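# Summary of structural features
So you can see what is in the structure, the chains are spelled out below.
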Amino acid sequence: MSFDTIFLLLASGFAAGVLNAVAGGGTFLTFPALIFTGVPPIAANATATVAALPGYFASAYAFRSSIAEEGALRLRNVLLIALAGGLAGAILLLITPSKLFSGLVPWLLLVATVLFALGPWLVRRLQHAGVGEAGPALSVFAFGIVCTYGGYFNGGLGIILLATMGLVGFTNLDGMNGLKNLMSAVISVISAAVLALGGLIWWPQALVMAMAAMAGGFFGGWAAQRIKNKALLRAGIVMVGLIMTVVFFARQ
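Residues numbered from 1 in each chain as written. Predicted model: local features only at pLDDT ≥ 70, side-chain atom pairs only at ≥ 80, totals over all residues. Heavy atoms only, no water.

### Re the overall build of the chain
- Along its length, the chain carries 10 helices and zero strands.
- Seen in sequence order, the chain has helices and strands lined up from the N terminus as α-α-α-α-α-α-α-α-α-α.
- In terms of C-alpha radius of gyration, the chain reaches 17 Å, essentially the compact-globule figure of 18 Å for 252 residues.
- For the chain, the proportion of its 252 residues judged to be buried stands at 54%.
- Long-range contacts, defined here as pairs at least 24 residues apart, represent 84% of the contacts in the chain between residues at least 6 apart.
- Entry remark: accessible area of the chain is about 11,000 Å², with carbon and sulfur atoms responsible for 73%.
- Averaging the coordinates of the 12 positive side-chain charges in the chain and doing the same for the 5 negative ones gives two points 6 Å apart. (Helix = DSSP H or I, 4+ residues; strand = E, 2+ residues; numbered from the N terminus. Rg over C-alpha atoms; globule rule 2.2 N^0.38 Å. Buried < 20%, exposed > 50% of the residue type's maximum accessible area, 1.4 Å probe, protein only. Contact = heavy atoms within 4.5 Å. Areas by Shrake-Rupley, 256 points an atom, 1.4 Å probe, with all protein chains shown as cover. Lys, Arg positive; Asp, Glu negative; His and termini not counted. Charge placed at Lys NZ, Arg CZ, Asp CG, Glu CD.)

Quick look at the structure:
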């Protein structure tokens with residue numbers, strides 16, 4: 001790897017760690033960065049998942065005192081759903097042909113960007129409508145779908161998890177952020193293990209990016225609990241997602 005490549009991986013990894021801890025959306029930086037440094041799309045997706053893992057754990061640790069049980073499911077059951085969903089998504093990625101996945105990438109980025117942009121609005125609408133706590137069946141279904149998506153493609157996972165938590169009755173934002181990061185870590189652990197067994201990880205790139213993501217995740221977890229207005233940051237992430245979507249559509 002050249003100096004320019006290492007710098008790009010470090011910068012995008014650190015920024016992604018911060019974003020994932022504060023609001024989500026770090027994959028909008030790491031996935032394109034890996035592609036631009038020559039990693040094929042499926043391998044870039046798998047490598048970005050591994051690279052995000054230390055950042056998720058670091059930011060979850062920073063939120064450790066805020067994580068608490070909410071909704072109809074025990075915390076242990078929520079994490080088991082994250083584990084199962086991550087496994088299912090990773091297996092689905094393994095059996096997806098490379099050409100098909102390359103064609104899906106712009107659409108996945110577009111969907112993730114739109115969901116990221118609409119997530120806070122959806123949570124507010126649900127709260128305004130007085131939607132109460134969902135039952136266990138709906139909670140399992142909602143978390144299962146989102147966690148499977150996270151195991152397949154990590155883009156926008158954080159804000160989609162936050163929106164899902166709002167849907168099933170969560171209200172404590174700091175606790176939701178902490179659980180979001182912990183669930184993302186669990187999803188990424190099982191997904192990374194499956195993808196590594198499938199030989200999809202580009203380890204030198206993953207390790208460089210992971211070290212930066214861990215530092216960014218811890219810093220972001222600390223900062224997230226002190227930032228009161230995240231609207232401008234979220235708007236910037238949406239803009240990055242839209243730009244990356246246009247770039248990948250143009251590359252087809």
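### Observations regarding the confidence of the model for the chain
- Per-residue confidence for the chain gives a mean pLDDT of 83, with 90% of residues at or over 70.
- Across the chain, the secondary-structure element scoring lowest on mean pLDDT is helix H10 (residues 231-251), at 76, and the one scoring highest is helix H4 (residues 75-94), at 93. (pLDDT = per-residue confidence, 0-100.)

### Describing a nonpolar patch on the surface
- Taken together, the side chains of Leu87, Ile91, Leu92, Leu94 and Ile95 make up a nonpolar region of the molecular surface, amounting to roughly 420 Å² of accessible area.
- Of note, Leu92 is situated in helix H4. (Patch = residues over 30% accessible without salt bridge, like charges linked within 9 Å, V, L, I, M, F, W, Y side chains within 5 Å. Salt bridge = Lys/Arg side-chain N within 4 Å of Asp/Glu carboxyl O.)

### Examining helix H2 (residues 27-36)
- Burial analysis of H2 places eight of its 10 residues in the buried class, the great majority of the element.
- Along H2, the residues that are buried comprise Thr27, Phe28, Thr30, Phe31, Pro32, Ala33, Leu34 and Ile35.
- Taken from the residues just after H2, Gly38 is the one with a positive phi, measuring 105°.

### Remarks on the environment of Ala21
- Within the fold, Ala21 resides in helix H1 (residues 3-22).
- Put simply, Ala21 and Ala223 are 202 residues apart on the chain and 8.6 Å apart in space, counted from C-alpha to C-alpha.

### Looking at helix H6 (residues 136-152)
- For H6, built from 17 residues, the straight-helix expectation of 24 Å at 1.5 Å per residue is met to within 8% by its first-to-last C-alpha distance of 24 Å.
- All of the buried residues along H6 are Ser139, Ala142, Phe143, Val146, Cys147, Tyr149, Gly150, Gly151 and Tyr152. (Expected span 1.5 Å × (residues − 1).)

### Let's talk about the packing of helix H3 (residues 41-62) against helix H8 (residues 173-197)
- Contact pair H3 / H8: the axes reach a minimum separation of 8 Å and the direction vectors enclose 145°. The handedness of the crossing between H3 and H8 comes out as left-handed. From H3, Ala46, Thr49, Val50, Leu53, Tyr56, Phe57, Ser59 and Ala60 reach across to H8, where they touch Gly178, Asn181, Leu182, Ser184, Ala185, Ser188, Val189, Ser191, Ala192 and Leu195.
- A breakdown of the residues in the contact of H3 with H8 according to their chemical character gives 11 nonpolar, seven polar and no charged. (Axes fitted to C-alpha atoms, helices over the stretch in contact; angles between N-to-C directions. Left-handed = near helix turned anticlockwise from the far one by under 90°. Nonpolar A, V, L, I, M, F, W, Y, C, P; charged D, E, K, R; others polar.)

### Topic: the nonpolar core
- In this structure, Phe31, Phe101, Phe143, Phe153, Met165 and Met183 are the most contacted members of the largest nonpolar core, which totals 57 residues.
- If you tally residues by element for this core, the top one is H8, at eight residues.
- Setting aside residues up to four positions removed in sequence, Phe101 forms contacts with Phe31, Pro41, Ile42, Asn45, Leu93, Thr96, Leu108, Tyr152 and Phe153. (Core = buried A, V, L, I, M, F, W, Y, C linked by side-chain atoms within 4.5 Å.)

### Topic: the environment of Ala43
- Mapped onto the elements of the fold, Ala43 is located in helix H3.
- Taking the C-alpha atoms as reference, Ala43 lies 4.9 Å from Leu200; in sequence the two are 157 residues apart.
- In this view, Ala43 contacts Leu200 and Trp202; residues no more than four positions away in its chain are not counted.

### What about the packing of aromatic side chains?
- Across all of its chains, the model carries five aromatic pairs by this definition.
- For the pair Tyr149 and Phe153, a centre-to-centre distance of 6.5 Å together with 75° between the ring planes defines the contact as edge-to-face. No difference in accessibility class separates Tyr149 from Phe153, as the two residues are buried.
- Chaining the aromatic ring pairs together yields one cluster made of Phe31, Tyr149 and Phe153.
- Directly above the ring of Tyr61 sits Arg64, whose terminal nitrogen or CZ lies 4.0 Å from the centroid. (Phe/Tyr/Trp six-rings, centres within 6.5 Å; stacked < 30°, edge-to-face > 60°. Lys NZ or Arg CZ within 6 Å of the ring centre and 35° of its normal.)

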